[in-house]
Amino acid sequence: MRVAATRQGVRRALVRIVAELRRTGVNEAHYGTVEIVLAEAMNNVVEHAYSDRTGGEIRLLVAHGPEGTLLQLRDRGAPLDWVGEQPYGRPPHPETLPEGGFGWPLIRLLSENCHYQRRNGENCLSITISLS
Amino acid sequence: MQLTTRQIGNTLIIRVAERRLDAVVSIRFKEQMREATADGPPRVILDLGNVTFLDSSGLGAVVGVHKLLGPARRLELAGITPNVGKVLQLTRMDSIFTIHRHIADAICSHDGAA
């Protein structure tokens, strides 16, 4: 699936993927989790990887099986500042009233595994979410 | 971005009419909340009963509104649906808001609100 790397493009893709997951009969908690993780991962691409240009695209693969859901996102934007397994990052402290910085911690807390590599000018993020 | 407001006693209740409070609408949401709460009563309840999806941008905007209200006023939340509750809980931002299950509980919980 090709997703326009815009906020609207991300929203449209999420609505479609959640509708597809729902049809597979998976429970609401699971597709809710997939929706949060995918939203944060795709919004990161829109806001950071493609922050300096428009017309970018995310190539998205969603594979659902008995053990859970695999997400793979590819884009040609700027690289992340880490490779391999997602580093541990604490959510910002609530008392500081943070208005951002929630995205990667949410991905980390909701996924079984999150792995990133950069190859041939392309970002590839693979995330697995177990069925709860 | 559609918000509906009503005032009961010294409480302003703002209902988000949208299903999604996400990166698409977060900036507009914050601006409209600023207008809706200007010169209003000290207690503001944000009714999220219609909202089935909140992302980190939407959450950031809710926190931003809380800050806009300043120390003399407060923002409370009501009508949290399961997936919105999950985001609030995992980020531990549920610890900074008073959260009511339903808007009716929120109104009843306050003396002199009627």
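Residues numbered from 1 in each chain as written. Chains lettered and ligands numbered in written order. Predicted model: local features only at pLDDT ≥ 70, side-chain atom pairs only at ≥ 80, totals over all residues. Heavy atoms only, no water.

In the annotation of an unreviewed UniProt entry, chain B is listed under the name Anti-sigma factor antagonist and assigned to Rhodovulum imhoffii. Here is the UniProt Sequence similarities (unreviewed entry) comment for chain B, exactly as written: "Belongs to the anti-sigma-factor antagonist family." (UniProt positions renumbered as here; feature names shortened; annotations may be inferred.)

As named in an unreviewed UniProt entry, chain A is Serine/threonine-protein kinase RsbW, taken from Rhodovulum imhoffii.

**A closer look at the overall build of chain A**
Along its length, chain A carries 3 helices and 6 strands. When its helices and strands are written in sequence order, chain A yields β-α-α-β-β-β-α-β-β. Over its C-alpha atoms, taken along the principal directions, chain A stretches across nearly 40 × 40 × 25 Å. Counting over 132 residues, chain A shows a buried share of 45%. Looking at chain A alone, contacts between residues at least 24 apart form 63% of all its contacts between residues at least 6 apart. As displayed, chain A offers around 6900 Å² of accessible surface, 49% of which is attributable to carbon and sulfur atoms. Each charge sign in chain A was given a centre, from 15 positive and 15 negative side chains, and these centres are 7 Å apart. (Helix = DSSP H or I, 4+ residues; strand = E, 2+ residues; numbered from the N terminus. Buried < 20%, exposed > 50% of the residue type's maximum accessible area, 1.4 Å probe, protein only. Contact = heavy atoms within 4.5 Å. Areas by Shrake-Rupley, 256 points an atom, 1.4 Å probe, with all protein chains shown as cover. Lys, Arg positive; Asp, Glu negative; His and termini not counted. Charge placed at Lys NZ, Arg CZ, Asp CG, Glu CD.)

**What about the pairing of strand β4 (residues 43-47) of chain B?**
Residues and elements named next belong to chain B. Counted residue by residue, β4 has 5 buried out of 5 residues, so it is predominantly covered. Side-chain alternation along β4 places R43, I45 and D47 on one buried face and V44 and L46 on a second face that is also buried. Sheet topology note: the strand β2 (residues 11-16)/β4 ladder contains 5 bridges and is parallel. When the sheet's bridge partners are listed, I14 is paired in β4 with L46. Bridge count between β4 and strand β6 (residues 74-78): 5 bridges; the pairing is parallel. Its bridge partner being in β6, R43 is matched across the sheet by R74. (Pairing = 2+ DSSP bridges.)

**With respect to the sheet that holds strand β4 (residues 84-85) of chain A**
All names here are of chain A. The strand order across the open sheet built from 6 strands is β1-β2-β3-β6-β5-β4, with neighbouring strands paired in antiparallel fashion. The open sheet is flanked by β1 (2-4) and β4, the only strands paired with a single partner. Where β4 lies against strand β5 (residues 113-119), 2 bridges are found, and the strand directions are antiparallel. Bridge pairing in β5 places E85 opposite H115. On top of the sheet, helix α1 (residues 7-23) reaches β1, β2 (57-65) and β3 (68-75); it is set at about 145° to β1, its chief contact. Most of the contacts of helix α2 (residues 28-49) go to β3, to which it runs at about 10°, and overall it touches β1, β2, β3 and β6 (122-130). (Axes fitted to C-alpha atoms, helices over the stretch in contact; angles between N-to-C directions.)

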